[in-house]
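# Tertiary structure, described
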Amino acid sequence: MGNIFQDLRYGIRMLARKPAFTVVAVLTLALGIGANTAIFTVVDATLIRSLPYKNSEKLVQIWETRQAGEVTQLDASYPDYLDWSGQSDAFEGICGYTGWGGSFTLTGHDTPERIEGARVTTSFFSVLGVEPILGRSFLPDEDRPGAEQTVILSYALWQRKFGADSNIIGQRLILDGEGYTVLAVLPRSFQFAPMGQAELWVPLRPYLFQVNKRYMHWLDVIARLKPDVTIEQARAQMDTIAARIEKEAPESHTGAGIKIVPLHDQVVGSVRPVLIILLCAVGLVLLIACANVANLLLVRASARRKEIGIRMALGATRWRLVRQLLSESLLLSVAGASVGLLLAEWGIEFLIAVIPASQLSSMPYLEGLTINARVFCYAGVLSLVTGIIFGLAPAWQSSRLDLQAAIKNGGRSSAGADRKRLRSLLVVSEIALAMVLLVGAGLMIKSTLRLLEVKLGFNPENLMSMQLELSGSKYSGDGRIVAFNRQLLERLEALPGISSVATINWTPMQPGPGDMFTVEGQPSPPPGQEPGASLRVVSSNYFRTMSVSLIQGRYFTDRDNESSPKVLIINNTLRNRLFGDQDAIGRRIIFGGDEPKTFEIVGVVDDERINALDEEPAAVTYRPFLQEPWNKLNLVVRTKSDPESIVSAVRSEVQAIDPDLALYSVATMKQLIIDTPQAFLRRYPALLMGVFAAVALVLASVGIYGIISYSVSQRTSEIGIRMALGAQRRDIFKLIVGEGLMLILLGISAGLAAAIGLTRFLSSLLFGVSATDPLTFIVISLILAGVALGACFVPARRATKVDPMVALRYE
């Protein structure tokens, strides 16, 4: 221990004698370690840490599956949920939840506010193992029709809206014009990622038309496995139940199965590949930083040859010298980790800040993210491993000295051939690693741009989207909903700055309801295999407001009302799927259910991207609002200038008609497109990989600048002789640049080979771009070569300014 402390004290003195070297090395390492720590903090919170529920590893999500059709995974119907919970003994408990009808307008507290919520079965909190901090959870009979309306509040809503009033239990809240009794307040730590925005919870109480309809899939189901039951055992039992249901209801469940997924995988599954790729990318940045510092240590070791030689002459063994030099490397890595932890805190804030609010709400596990004990240990281990990685090779190389030559020449002699080869190898490695990162970032950025260039089928310029919901007794009839919609559109169209306005039940980029149907005059498909399409209910001016092109027939008009025959507009994808090249106008579609409805097709419009940008356009049917009014209104407002400028005026008009209504989910259509999950899962890694690639490019440039600059300083005498013998300045410039160019070409070649092998792991995140896109590889190679050659330019210019007489006296 005495020798170790002696090494550390001596190492501190040696590092203090060269503050410029120490600062550069520490900052380089801090950048790499800090970036790794920040990314690992997110990985820890997302992929490693358990969900914040009791024995969360036993929680699973249950889905219904289909062997045929476009949709292979479905929510459960309410009858299915009852059968699953009643016939299975593999679970301690089973519960359901849904966001449909779970949002409420809270009135009676200043201005009306739309509160996101969820409807849950009464077993929901007991299955999750969550106990309220105030009050009690739901009782089994509180979801039956006619029972008292009750609500449970999140901790955040209790704090924000009710000032953490400890007497809140038993108070009455007015939600959508109806009274609800507060039963409980949930713990601060309770976060339910699938319903990340939910701030209140009410009993499920399915609507009467949902209770016995097996074809209506709307309920998400979670279960807790019994302690001695595995997922495989539960799956086998649920398959038996699915087969039994299929026999009982072949018309809706032919080919139906059941899928069981660990809840943790369900919550984080979509972001897992993104985080793994980012962790690998930031690891490459750290390797480049290590190579840079290793090169610095090799250069510094050349200046310490005389010191090392004297110590060897006095009896120091090679192991003793390696240990001393490694102790200095470890001191650098520990200092780099200390500064890196500070940078990591800023990095974490940046990582969270660039996540759109709409996506962050579904990631509550990132709330209050900070460096914890596990992350701190990770940073500590990373610093030790880093110190050994960048310190071992220079230490081993420095201890291989010709004793007599070292003492005779001291620090003025050039490095040996082995040391020069090692420094060159490190620079080549830096360029190769930077190449891999730059190619990955280039592919991700190009993929994101391709995704955002997808034909939308409508014009998002100057388009604003807003939502409001008409609920409560005052909007209990279709006539009242239609009257409100008509009055609101008339008021908004009269506002200056608005060129057009319309309503729809679900705007593009929002998942909405669908329906199955048959086509009159065509053979009926087997039960459960009927064609389906997304359902949009629109006002007559919708297509003009959105600038959706009419392909065939006509748009809706105000004459398409409740007293006229039911009509329908379909999109081009559905037309091609049902009728091919035949004329669709006048054809009739029959939607099933207890009361089948027949609609005549009066128009065909261009495909709107209503769901995912990275999928083919979905089949869509449009119905006129006047024939089938919805209480959920999505306003789409086209403006003459900045769309955000009309928000306050629209809100005032809504309040003038009904002061109890709240306008919410206000966003431009462009923002909705950018913030879609498909765009986010590409834009976010593209942004971060772009940052990492830029850092890697800078570090690689510094590395090649350092080795060329050092080479010039060591070859001063040679350069002087060449110039004395007649070499021109351009010859010296080409000589130095040629040396750097050779390293650059070797690094780019190695990087290209590595990138071709590694970028295939990005394939799942790419859209419209091949993992081996030639143009990206060529452009990135040229950029990296240009920047690296620029780094060679300064030392090459300095070499051309060498005075031959001074150079000849250099040694």
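Everything that follows concerns the structure shown earlier in this document.
Along each chain, the written sequence defines residue order, and numbers are assigned to residues from 1. Under the rules for a predicted model, residues below a pLDDT of 70 receive no local features and side-chain atom pairs below 80 are neither given nor counted, while totals for whole chains, interfaces and linings still include all residues. Each side-chain value is derived from all of the structure's non-hydrogen atoms; neither hydrogens nor water enter the calculation.

As a further point, take the overall build of the chain. Comment: elements are numbered from the N terminus, with helices defined as DSSP H or I runs of at least four residues and strands as E runs of at least two. For the chain, the helix and strand inventory stands at 26 helices and 24 strands. Across its three principal axes, the chain shows a C-alpha extent of roughly 105 × 60 × 55 Å. The proportion of buried residues among the 811 residues of the chain is 54%. Partitioning the contacts of the chain with sequence separation of at least 6, the portion at a separation of at least 24 is 81%. For the charge count, each Lys or Arg is scored as positive and each Asp or Glu as negative, with His and the chain ends excluded. Lys charges are placed at NZ, Arg charges at CZ, Asp charges at CG and Glu charges at CD. The averaged location of the 74 negative side-chain charges in the chain is 15 Å from the averaged location of its 78 positive side-chain charges. Only protein chains enter the area calculation, which uses a 1.4 Å probe; residues under 20% of their type maximum are buried, those over 50% are exposed, and those in between are partly exposed. Every residue pair with non-hydrogen atoms within 4.5 Å of one another is taken to be in contact.

This brings us to helix H19 (residues 572–579). An α-helical segment advances 3.6 residues per turn. Residues three or four places apart therefore align on the same side. H19 sits mainly inside the fold: 6 of its 8 residues count as buried. For H19, the complete set of buried residues consists of Asn572, Thr573, Leu574, Arg575, Leu578 and Phe579. The first or second residue beyond H19 is Gly580, which carries a positive phi of 60 degrees.

All right, on to helix H25 (residues 774–800) then. For H25, which comprises 27 residues, the first-to-last C-alpha distance of 38 Å matches the rise-based estimate of 39 Å (1.5 Å per residue) to within 8%. At Phe793, H25 is bent by approximately 30 degrees, the largest bend along its length, and proline Pro795 sits one to four residues beyond. The span you would expect from a helix comes to 1.5 Å times its residue count less one. Fitting one axis to the seven residues ending at a residue and another to the seven starting there, the bend at that residue is the angle between the two axes.

We now examine the environment of Lys632. Within the secondary structure, Lys632 is located in strand E23 (residues 632–639). For the pair Lys632 and Asp606, spaced 26 residues apart in sequence, the C-alpha separation works out to 24 Å. Once residues lying within four places of it in the same chain are set aside, the contact partners of Lys632 are Gln467, Leu468, Glu469, Ile504, Asn505, Trp506 and Tyr664. Separated by 3.1 Å, the side chains of Lys632 and Gln467 make a polar contact. N or O atoms within 3.5 Å of each other form a polar contact, as long as, within protein, one can give a hydrogen and the other can take it, and as long as residues adjacent in sequence are counted only when both atoms are side-chain atoms.

Direction of pairing for strand E6 (residues 117–120) relative to strand E11 (residues 200–203): parallel, over a ladder of 4 bridges. Residue Val120 lies in a different strand from E11, and its bridge partner there is Pro203. Note: two strands are recorded as paired if DSSP finds a minimum of 2 bridges between them. The pairing of strand E8 (residues 150–153) with E11 spans 2 bridges and is classified as antiparallel. Looking at the pairing, Leu153 lines up with Leu200 of E11.

Turning next to unusual backbone geometry. Positive phi, close to 55 degrees, is recorded for Ala164, a residue that is not glycine. Considering the arrangement of structural elements, one finds Ala164 in the loop between helix H5 (155–162) and strand E9 (172–175). Under the relative-accessibility criterion, Ala164 is labelled partly exposed at 27%. Residues other than glycine seldom take positive phi values, yet Asn462 does so here, at roughly 50 degrees. Its place among the elements puts Asn462 in the loop between helix H16 (417–452) and strand E14 (463–469). Note on Asn462: relative accessible area 30%, which makes it partly exposed.

So, about the packing of aromatic side chains. A pair of aromatic rings is counted whenever rings of Phe, Tyr or Trp (Trp by its six-membered ring) have centres within 6.5 Å, and the orientation is called stacked for planes under 30 degrees apart, edge-to-face for over 60 and tilted otherwise. Throughout the structure, instances matching the rule amount to 27 aromatic pairs. Summarising the aromatic geometry, the rings of Trp100 and Trp506 are spaced 5.2 Å apart at their centres and angled 65 degrees between planes, so their arrangement reads as edge-to-face. In this pair, Trp100 sits in the loop between strand E3 (91–98) and strand E4 (104–107) while Trp506 sits in the loop between strand E15 (498–504) and strand E16 (514–519), placing the two residues 406 residues apart along the sequence. Grouping aromatic residues by their ring pairs yields a cluster made of Tyr53, Tyr97, Phe124, Phe125, Phe138, Phe190, Phe192 and Trp201.

Generally speaking, nonpolar side chains in soluble globular proteins are found buried as a group. What makes a nonpolar core is a set of buried Ala, Val, Leu, Ile, Met, Phe, Trp, Tyr and Cys residues whose side-chain atoms join them at distances within 4.5 Å. Membership of the largest hydrophobic core comes to 110 residues, with the highest contact counts inside it found for Phe124, Phe190, Phe192, Trp201 and Ile704. Ranked by residues supplied to this core, first place goes to helix H22 (residues 677–714) with 16 residues. Setting aside anything within four residues of it in sequence, one finds Phe124 in contact with Cys95, Gly96, Tyr97, Phe190, Phe192 and Trp201.

So, on to the side chain of Arg224. Turning to its location among the elements, Arg224 is positioned in strand E12 (residues 220–225). Aside from chain neighbours lying at most four places away, what touches Arg224 is Lys54, Asn55, Lys58, Leu59, Phe91, Glu92, Gly93, Val127, Leu128 and Gly129.

This next bit is on a nonpolar patch on the surface. Residues Leu287, Val381, Val385 and Ile389 make up a contiguous nonpolar surface patch of about 330 Å² in total accessible area. In terms of residue count, the dominant contributor to the nonpolar patch is helix H14 (residues 373–398) (3 residues). Turning to its location among the elements, Leu287 is positioned in helix H10 (residues 272–303). Judged by relative accessible area, which is 39%, Leu287 ranks as partly exposed. Nonpolar side chains (Val, Leu, Ile, Met, Phe, Trp, Tyr) are joined into patches within 5 Å and like charges within 9 Å, using only residues with over 30% relative accessible area and no salt bridge. Working definition of accessibility: Shrake-Rupley area with a 1.4 Å probe, residue cover restricted to the visible protein chains. Every case where a carboxyl oxygen of Asp or Glu lies within 4 Å of a side-chain nitrogen of Lys or Arg is listed as a salt bridge.

Another aspect to go through is the pattern of salt bridges. Inspection of the entire model under this criterion finds 25 salt bridges. Taking the shortest distance from any N to any O, the salt bridge between Asp44 and Arg374 comes out at 2.5 Å. Of the two residues, Asp44 sits in helix H2 (residues 19–48) while Arg374 sits in helix H14, which places them 330 residues apart along the sequence.

Another aspect to go through is the pairing of E12. Taken across its 6 residues, E12 has 6 buried, putting it largely inside the fold. Burial along E12 is two-sided: Asp220, Ile222 and Arg224 facing one way and Val221, Ala223 and Leu225 facing the other are all buried. In terms of strand pairing, strand E1 (residues 59–66) meets E12 through 4 bridges, oriented antiparallel. Residue pairing in the sheet places Gln61 in a bridge with Ile222 of E12. Direction of pairing for E3 relative to E12: antiparallel, over a ladder of 6 bridges. Bridge pairing links Cys95 to Ile222 in E12.

A few words on the environment of Asp80. Looking at the element boundaries, Asp80 is found in helix H3 (residues 78–87). The class for Asp80 is buried, based on a relative accessible area of 0%. Separated by 412 residues in sequence, Asp80 and Leu492 place their C-alpha atoms 44 Å apart. Discounting residues that sit within four places of it in the chain, Asp80 has contacts with Glu64, Arg214, His217, Ile245 and His253. Of note is the side chain of Asp80, whose polar atom sits 3.0 Å from the side chain of Ser77.

Below, the discussion takes up the side chain of Thr105. Inspection of the secondary structure assignment puts Thr105 in strand E4. The exposure class of Thr105 is buried, given its relative accessible area of 3%. Of the polar contacts made by the side chain of Thr105, one reaches the side chain of Arg114; its length is 2.7 Å. Setting aside residues up to four positions removed in sequence, Thr105 forms contacts with Pro112, Glu113, Arg114, Ile174, Leu175, Asp176, Asp660 and Ala662.

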